Amino acid sequence: MKRLSVLLSLSGLYALNRFLLIPQLERFAERMQDAEALHRFFASYGADILAGAWILCFLNLLLAWSGRRTTRHMMPAVLFVFGCGIFWEYITPLYLSRAVSDPLDIAAYLLGGCIYMVIEKRFR
């Protein structure tokens, strides 16, 4: 149940980032230079950081529900998120015309995955 709460929280954070934070920062960016840098960061990488955490949380939720051991170590988690990032950034643009590759997105996915694993270990 704890992982479902985390998954829903991550989804809520994504919605806040997408529909509240980014539009507000865009308005401030027109007036303040510092807000422009924040806007660019959250618009470009905010969702990607959350995606890295979300995909690991979802994986652990599915593993727990199926009665299997969840991902408990950093290296398998990082490899899983890295594989997802490679797929999203280099395979997806081959069949989805609006998708573009950005290697820094993979770093953002990995950061989110690492943050999730630290939180997962801390509250296990």
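Before going into details, it helps to say that this report is about the structure given with it. Model, not experiment: these values are computed from the prediction. (Residues numbered from 1 in each chain as written. Predicted model: local features only at pLDDT ≥ 70, side-chain atom pairs only at ≥ 80, totals over all residues. Heavy atoms only, no water.)

**So, the nonpolar core**
Line of reasoning, step 1. Grouped together as the largest cluster of nonpolar side chains are 15 residues, with contacts concentrated most on Leu10, Leu56, Cys57, Val81, Tyr116 and Met117.
Line of reasoning, step 2. Where this core is concerned, the elements lending two or more residues are α1 (2-29), α2 (33-65), α3 (74-95) and α4 (103-122).
Line of reasoning, step 3. Examining the composition of this core, we find that 6 residues originate from one element, α2, more than from any other.
Line of reasoning, step 4. Once you skip the residues sitting within four places of it in the chain, Leu10 turns out to touch Leu50, Ala53, Trp54 and Cys57. (Core = buried A, V, L, I, M, F, W, Y, C linked by side-chain atoms within 4.5 Å. Buried < 20%, exposed > 50% of the residue type's maximum accessible area, 1.4 Å probe, protein only. Helix = DSSP H or I, 4+ residues; strand = E, 2+ residues; numbered from the N terminus. Contact = heavy atoms within 4.5 Å.)

**Observations concerning the packing of α2 against α3**
Line of reasoning, step 1. Interaxial distance between α2 and α3 falls to 10 Å at its minimum, and their mutual angle equals 120°. As the angle between them shows, α2 and α3 are arranged oblique. For the pair α2 and α3, the sense of crossing is right-handed. Contact with α2, carried on its side by Gly52, Ile55, Leu56 and Leu59, involves Ala77, Phe80, Val81, Cys84 and Trp88 of α3 and no other residues of that element.
Line of reasoning, step 2. Classifying every residue of the contact of α2 with α3 by side-chain character gives 8 nonpolar, 1 polar and no charged. (Axes fitted to C-alpha atoms, helices over the stretch in contact; angles between N-to-C directions. Parallel < 35°, antiparallel > 145°, perpendicular 65-115°, else oblique. Left-handed = near helix turned anticlockwise from the far one by under 90°. Nonpolar A, V, L, I, M, F, W, Y, C, P; charged D, E, K, R; others polar.)

**Here's the deal with a positive patch on the surface**
Line of reasoning, step 1. Where like charges cluster on the molecular surface, the positive patch consists of Lys2, Arg69, Arg72, Lys121 and Arg124.
Line of reasoning, step 2. Within the secondary structure, Arg124 is located in the segment after α4. (Patch = residues over 30% accessible without salt bridge, like charges linked within 9 Å, V, L, I, M, F, W, Y side chains within 5 Å. Areas by Shrake-Rupley, 256 points an atom, 1.4 Å probe, with all protein chains shown as cover. Salt bridge = Lys/Arg side-chain N within 4 Å of Asp/Glu carboxyl O. Lys, Arg positive; Asp, Glu negative; His and termini not counted. Charge placed at Lys NZ, Arg CZ, Asp CG, Glu CD.)

**Observations regarding the packing of aromatic side chains**
Line of reasoning, step 1. By the definition in use, this model includes 5 aromatic pairs.
Line of reasoning, step 2. Measuring from centroid to centroid gives 5.3 Å for Phe41 and Phe42, while their planes differ by 85°, and the two rings are edge-to-face.
Line of reasoning, step 3. Its relative accessible area of 39% is what places Phe41 among the partly exposed residues.
Line of reasoning, step 4. Plain terms: the ring middles of Trp54 and Phe58 are 5.1 Å apart, the flat faces sit at 10° to each other, and that makes the pair stacked. Residue Trp54 and its partner Phe58 are located together in helix α2, separated by 4 residues, close to a single helical turn.
Line of reasoning, step 5. Note on Trp54: relative accessible area 29%, which makes it partly exposed.
Line of reasoning, step 6. Residue classification places Phe58 among the partly exposed residues on the basis of a relative accessible area of 32%. (Phe/Tyr/Trp six-rings, centres within 6.5 Å; stacked < 30°, edge-to-face > 60°.)

**Here's the deal with the pattern of salt bridges**
As a working rule, side chains carrying opposite charge can pair if their charged atoms are close by.
Line of reasoning, step 1. Inspection of the entire model under this criterion finds 2 salt bridges.
Line of reasoning, step 2. With a shortest N-O distance of 2.5 Å, Arg3 and Glu120 are connected by a salt bridge. Here the residue Arg3 occupies a position in helix α1, and Glu120 occupies one in helix α4, the gap between them amounting to 117 residues.
Line of reasoning, step 3. Relative accessible area serves as the criterion here: at 17%, Arg3 is assigned to the buried category.
Line of reasoning, step 4. Owing to a relative accessible area of 5%, Glu120 belongs among the buried residues under this scheme.
Line of reasoning, step 5. Notably, a salt bridge pairs Glu36 with Arg40, separated by 2.4 Å at the nearest N-O pair. Linking Glu36 with Arg40, this pair stays in helix α2, spanning 4 residues, or about one helical turn.
Line of reasoning, step 6. Judged by its relative accessible area of 31%, Glu36 falls in the partly exposed class.

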